[in-house]
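Structural overview
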Amino acid sequence: MKQTILSFLLLVFTLSAFGQEYTISGNVTSEQDGFPIPTVNILVKNSSNGVTTDFDGNYTIKNVQQNATLVFSYVGYKTKEITVTNGNAINVKLSEDVEGLEEVVIIGYGSQKRKEVTGAVSTVTSETIEALKPTRIEQALQGQVAGVNISSQSGSPGSASNIRIRGVSTNGDNRPLILVDGNVIEDLSVINPGDIESYTVLKDATAGIYGVRAANGVILITTKTGRKNKKMSFQYDSYVGFQKTTRKIPLLNATEYALIKNEAAAASGSPLPFPDTFGLNRGTDWQDEVFETAPIFNNAITASGGTEKSTYSFGASLLTQDGIIGGSKANFTRYTTRANYGLEIIENLNLKANLIYTGTVRKALSEGGLGSVLFNAVNFAPTDTPRDSNGEYTSSANYPIEVVNPLKQIANTFNRTKVDKLSGVFGLNYKFLDGFSAEANYQWNYSEVRTRGLNPLVEYGNGSVFDNTDNVQFTEGTSFFRDYTFDAFVNYETSLNDETHNIKATLGTSVFKTTGDYYLAIGDGMPEDTIFSEANINDATTITDPYAQISNRFFDSRLLSYFGRIQYNYKGKYLFSAVVRRDGSTAFGPENKFGIFPSGSIGWVVSDEAFLEDSSTINFLKLRSSYGVLGNDRIPGFRFESLLDGEGVYVLDDALELGTAVGAISNPEIKWEEQKAFDIGFETRLFNSKIDITADYFKRTTENLLLPVESSLILGGAAPGSGNPIVNAGTVENSGLEFQISYKDQISDNFKFNVSYNISTLENEVIEVNNSIGYEVGGSFGIGQANPPSRMQVGQPIGVFYGLQMDGIFQTQSEVDAHPSQLALGANAEAGDIRFVDVNQDGVIDADDRTFIGNPIPDVTMGLNLSFDYKNFDFQTYFFASLGNDIVRNYDRNSAKTNLTTYVLDRWTGPGSTNSDPRVTNSATANTVFSDYFVEDGSFLRAQNIQLGYTFNKERLQNIGLDNIRVYASVSNAFTLTKYRGFDATTSNGAPIGGGIDSGFYPNPRTFLIGTNVKF
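What you see is a predicted model; the values in this text were computed from it and never measured. (Residues numbered from 1 in each chain as written. Predicted model: local features only at pLDDT ≥ 70, side-chain atom pairs only at ≥ 80, totals over all residues. Heavy atoms only, no water.)

**A few points about the overall build of the protein chain**
Counting its secondary structure elements, the protein chain contains ten helices and 54 strands. For the C-alpha atoms alone, the extent of the protein chain along its principal axes is close to 135 × 70 × 65 Å. Buried positions account for 52% of the 1016 residues belonging to the protein chain. For the protein chain, the proportion of contacts with a sequence separation of at least 24, taken over those separated by at least 6, is 70%. For the protein chain, the exposed area adds up to about 44400 Å²; of that, 55% sits on carbon and sulfur atoms. (Helix = DSSP H or I, 4+ residues; strand = E, 2+ residues; numbered from the N terminus. Buried < 20%, exposed > 50% of the residue type's maximum accessible area, 1.4 Å probe, protein only. Contact = heavy atoms within 4.5 Å. Areas by Shrake-Rupley, 256 points an atom, 1.4 Å probe, with all protein chains shown as cover.)

Given below as structure tokens:
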């Protein structure tokens, strides 16, 4: 009996235990920042019992059985499951699902799941940008995306960069189309990199949805915004550091210089300039004199959050940096303010409003050309001191007229450019019926550019082109730029037969208008004691406006477009997209104003097929291809008709009067430049998505290139304010391979790492040049050389270097006598001079013997990115390499007074001494005529950034009201490996014809930073 009662009680206890119900409460926060997450879904697994968290992340759920599983889920975060063992509170931290967020890609006029994207699209997130700490966003593109090549026009603060996506496609404007939150932006210097959430690069024909200018690729930038139902949070980012030059060119010291100049004088029969070289020692290092350590500071703060119906984000930043040449005389300061706001006005009607204000102030020195500060520092003699015995800057007497004391040049340079820019986007989106949505966006930019410049009285002592001996001149200019874009489109999305057939359609129109006007006042006869900061143009005796007599004070350009797109997929694995766009531009006449540009793409998600869906090796595999035609109109507006924007001088009543005349020669037949773009590629993820691979082959053929061509002088093309006509006269082809692979893994709870590598090949070839001479020329070399060094010619890459070919050094006079005469080059050859190849075998060395001697376009570019996290430490490093491009050395001036680089120490000094470098002499020779002697390998490998960071323990920080503190130290441009002997192998003026010629490029600085990121 007792045993029966005991068994019964045990049964009752067991049943009650299994049937125990609890009421569970708790709080849900973000693991990244510790903030509560509202509206998190909490569901008892395999039941309908569920709740959501309130605004503070709190929840209470009743009737939860013991051993039941609670599922916590929220968009953008990884789902978490927790088993209930008792009635205690359950607090949960959700971590962001970065991979899940990346599955949605911003494309033209909408977004798309990455799985369904059929084009060549690359995305980089804010984490990468934050790790690089760039002062300009272009610096975060280099080495991160295959097929994107960035070169600096200069390393000076605030200078622009050249962005090329998949090569140089035209002799005109090769810039990609850049949109920030849908707004067209021409100058990326106005964007604070810290405000960017992500950028997406469209590289193939699928960019055609954006029509005009998309032929050069599209970069879509999305700025940071808030989240709904999130309390306001703040993020403060700050860094401070300094910049130094990465390199000095090896120049002769005073003793070496004196000995070489004595040798050169003796060779030309002149008296020795330094009969006594004792005590000269090393002399003045002019590079040390002009280079300096320059500070850089940056502060930025962001506030973001949201309510149940809205999201908001506000940000402000201040960056200031001095130049490594000139210091505060080359300062760049940028201050930005940004506001993003989204509001659900009523159900299905949403408003977005983004506003960015940017102010920049830039001071600049002469850089990157003949007569620039660096050019003068290279050429000024080490035997001269910076100042003479009277404390005055050393005279430039006996130097060529373009070479002056660089310190005096810096001291007498006064200029400032101030830019205020306001950009805005306002849009409405309305969802209606079943699957329809309509959207309208108005985007606008307004800029004011104010310039000031003072040309004081200065005389350098050599009759320099920079002398100003009798007129203190002050200039003030103001330019206004305005543009707006209005887009309106309708989207329709539907699924049929249980999502077997999925269709998206877009139909819309776009209007773009840009205008600008210029005002310039030149004040002559300013007081001699004028101080730049206090200068007032009203103090001038004469004030003139050079735009007053001509109509090119203004410009106006407009576009009108219609577009449609249809996207279809079958079961999410067979993909198709087609786009057609009709663009009209004021660049072309009535007969050719509109162009129709179609494109299409297909894809196959192979991993969704039955034979791969259970594969443990291949987690994802997609094949895709695209083809399309894209249009380009980037030439000055209204060139199809004659405009009165030239300069005319007329005689009225025996007096000269300034007026207007016909400007550039018109061509009513010009039409759209067209690019035919083909791409085929694949994407795959392997071994639990630890390995990610993307590969593409592309071919882009640009036809009907818009080129200015030579015309008869009787047509007036050389008159002031005029120019040659533009015609459709060329074809250029770019083709290549892109390959990107990354591997990421978490070895333990304390250690994870990521390595990514990308490589791109590029072959550029000119297919056709339809002008009277069969080629186009550009660029300049040396002093007074009539033949331009660069060409666009059939069968060669665009901008190929064209000059004489060196065949060693004449060792004896008998070799000179046996060789074809080189007198046509300007002087008879002697032993020790460069021997040139008689290419055309006509027995004479002259300009007809020039040939192709170098290519400024790299054959291969590569990027390598490494990162790892160990406990609270993180480390990142990024490398970029460019291989196969050539650079022309054009920074040394050969005269009796100027300095030389140390490779002159390997000069020819007698028969058998060398066969690579010519003799030194002050006599006229052909050694300075443009040849491959001046062409060097410009390949390089650069460590873009190396950074080490430490994040403090979050639990301890929360006790003092902070969510996260990270401190770091970094060095950008840490080192560069290159054979090039100039200052910087990574700079270029960016010209399609004439690029890659180094006349003393301002090098990109090495920057050391320490900084902090604080969230609260």
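**A few points about the side chain of Asp204**
Here Asp204 lies in the loop between strand S15 (196–202) and strand S16 (218–223). The side chain of Asp204 sits in the buried core without any salt bridge; Arg624 is the nearest counter-charge, 5.4 Å away. In this structure the side chain of Asp204 is engaged in a polar contact, spanning 2.7 Å, whose partner is the side chain of Ser626. (Lys, Arg positive; Asp, Glu negative; His and termini not counted. Salt bridge = Lys/Arg side-chain N within 4 Å of Asp/Glu carboxyl O. Polar contact = N/O pair within 3.5 Å; in protein donor to acceptor, adjacent residues only side chain to side chain.)

**Focus on the sheet that holds strand S1 (residues 21–30)**
Reading across from one edge, S4-S1-S7 is the order of the three strands in this open sheet, with mixed pairing throughout. Each having just a single partner strand, strand S4 (58–65) and strand S7 (92–94) make up the two edges of the open sheet. Across the sheet, the mean angle from the axis of one strand to that of its neighbour is 35°, orientation sign disregarded. In this structure, S1 lies alongside S7, joined through three bridges in parallel fashion. Following the sheet pairing, Ser30 is matched in S7 by Leu94. (Pairing = 2+ DSSP bridges. Axes fitted to C-alpha atoms, helices over the stretch in contact; angles between N-to-C directions.)

**Considerations on the nonpolar core**
Core analysis: the biggest nonpolar cluster contains 38 residues, and Val290 and Ile325 have the highest contact counts within it. It is helix H7 (residues 373–379) that contributes the most residues to this core, five residues altogether. Once you skip the residues sitting within four places of it in the chain, Val290 turns out to touch Ile324, Ile325, Gly326, Val373, Leu374, Ala377, Pro406, Leu407 and Ile410. Grouped together as the second largest cluster of nonpolar side chains are 22 residues, Val218, Leu220, Phe563 and Leu630 included. (Core = buried A, V, L, I, M, F, W, Y, C linked by side-chain atoms within 4.5 Å.)

**Here we look at unusual backbone geometry**
The backbone of Asp181 sits at a positive phi, close to 55°, despite the residue not being glycine. Note on placement: Asp181 falls in the loop between strand S13 (177–180) and strand S14 (183–184). If you check the backbone angles, Asn229 has positive phi at about 55° while not being a glycine. Counting through the fold element by element, Asn229 comes out in the loop between S16 and strand S17 (230–244). Of the residues examined, Asn229 reaches a relative accessible area of 12% and is grouped as buried.

**Some points on the packing of aromatic side chains**
All chains considered together, the criterion is met by 36 aromatic pairs. Ring centres 5.5 Å apart and planes at 20° place the aromatic pair Phe432 and Phe436 in the stacked group. The class of Phe436 is partly exposed, set by a relative accessible area of 29%. Connected via pairs of aromatic rings, a cluster forms that spans Tyr743, Phe751, Phe753, Phe868 and Phe875. The ring of Phe414 carries Lys329 above its face, with NZ or CZ at 4.1 Å from the centroid. Just above the ring of Tyr393 sits the side chain of Arg387; from NZ or CZ to the centre is 4.0 Å. (Phe/Tyr/Trp six-rings, centres within 6.5 Å; stacked < 30°, edge-to-face > 60°. Lys NZ or Arg CZ within 6 Å of the ring centre and 35° of its normal.)

**Focus: the environment of Asn63**
Within the secondary structure, Asn63 sits in strand S4. Given the relative accessible area of 52%, Asn63 is considered exposed. Placed 14 residues apart in sequence, Asn63 and Asn49 show a C-alpha to C-alpha distance of 8.2 Å. Apart from residues no more than four positions distant in its own chain, Asn63 is found in contact with Glu21, Tyr22 and Asn49.

**Focus: the pattern of salt bridges**
Tallied over the full model, the rule gives 38 salt bridges. Arg893 serves as the salt-bridge partner of Glu402, at 2.3 Å between the closest nitrogen and oxygen. You can see Glu402 sitting in the loop between H7 and helix H8 (406–411) and its partner Arg893 sitting in the loop between strand S48 (886–889) and strand S49 (935–937), a full 491 residues away along the chain. Overall, Glu402 belongs to the buried group, its relative accessible area being 10%. With a shortest N-O distance of 3.4 Å, Arg624 and Asp679 are connected by a salt bridge. Taken together, the positions of Arg624 in strand S30 (residues 618–632) and Asp679 in strand S33 (residues 673–686) put the pair 55 residues apart, joining distant regions of the chain. When its relative accessible area of 4% is taken as the criterion, Arg624 is described as buried.

**Re the environment of Ala68**
Among the structural elements, Ala68 can be located in the loop between S4 and strand S5 (69–73). For Ala68, a relative accessible area of 14% puts it in the buried group. A sequence separation of 16 residues divides Ala68 from Val84, and the C-alpha atoms of the two residues are 5.5 Å apart. The residues touching Ala68, leaving out its near neighbours within four places in the chain, are Val44, Ile82, Thr83 and Val84.

**Some words on the side chain of Gln811**
With respect to the helices and strands, the residue Gln811 is situated in the loop between strand S43 (806–809) and helix H9 (813–818). A polar contact is formed between the side chain of Gln811 and the backbone oxygen of Thr914, at a distance of 2.9 Å. Here Asn915 takes part through its side chain, which lies 3.4 Å from a polar atom of the side chain of Gln811.

**So, a nonpolar patch on the surface**
A cluster of nonpolar residues, Tyr627, Phe678, Ile680, Tyr697 and Leu737, forms a patch on the protein surface that exposes about 450 Å² of accessible area. Inspection of the secondary structure assignment puts Phe678 in strand S33. Classification of Phe678 as partly exposed rests on a relative accessible area of 31%. (Patch = residues over 30% accessible without salt bridge, like charges linked within 9 Å, V, L, I, M, F, W, Y side chains within 5 Å.)

**Points about the sheet that holds S13**
With respect to topology, five strands assemble into an open sheet ordered S10-S15-S16-S13-S14, the strand pairing being mixed. The open sheet has two free edges, formed respectively by strand S10 (121–125) and S14, since each of these has just one partner strand. Direction of pairing for S13 relative to S16: parallel, over a ladder of four bridges. Residue pairing across strands places Leu179 opposite Leu220, the latter belonging to S16.

**So, helix H5 (residues 254–267)**
Taking 1.5 Å of rise per residue, 14 residues should cover 20 Å, and H5 covers 20 Å from first to last C-alpha, within 8% of that figure. Within H5, burial applies to Ala254, Tyr257, Ala258, Ile260, Lys261, Asn262, Ala264 and Ala265. Sitting at the amino-terminal end of H5 is Asn253, which places a side-chain oxygen 3.2 Å from the backbone nitrogen of Thr255. Looking at the residues trailing H5, positive phi occurs at Gly269, about 75°. (Expected span 1.5 Å × (residues − 1).)

**Topic: the confidence of the model for the protein chain**
Of the residues in the protein chain, 93% have a pLDDT of 70 or more, and the chain-wide mean is 88. Every residue in residues 8–18 is under pLDDT 50, and counting partners more than four places away or in other chains gives two contacts. (pLDDT = per-residue confidence, 0-100.)

**Description of the environment of Arg835**
One can find Arg835 in strand S44 (residues 834–836). By relative accessible area, Arg835 is classed as buried at 17%. In sequence terms Arg835 and Ile809 are 26 residues apart; their C-alpha atoms lie 5.3 Å from each other. Residue contacts for Arg835: discarding those within four places in its chain leaves Gln805, Met806, Asp807, Gly808, Ile809, Phe810, Glu815, His819 and Gln822.

**Some thoughts on the pairing of strand S34 (residues 691–703)**
Bridging between S33 and S34 involves 13 bridges; their strand directions are antiparallel. Within S34, the position partnered with Ile680 by the bridge is Tyr697. Joining the antiparallel neighbours S33 and S34 is a turn of four residues, in which Phe687 adopts a positive phi near 50°. Examined bridge by bridge, S34 and strand S37 (residues 730–746) share twelve bridges and lie antiparallel to one another. Across the sheet, Thr702 pairs through a bridge with Val732, a residue of S37.

**Focus: the pairing of strand S11 (residues 148–152)**
Along S11, four of the five residues are buried, which leaves the element largely enclosed by surrounding structure. Sheet topology places S11 next to strand S12 (residues 161–165); five bridges connect them, and they run antiparallel. Within S12, the residue paired with Ser151 across the bridge is Asn162.

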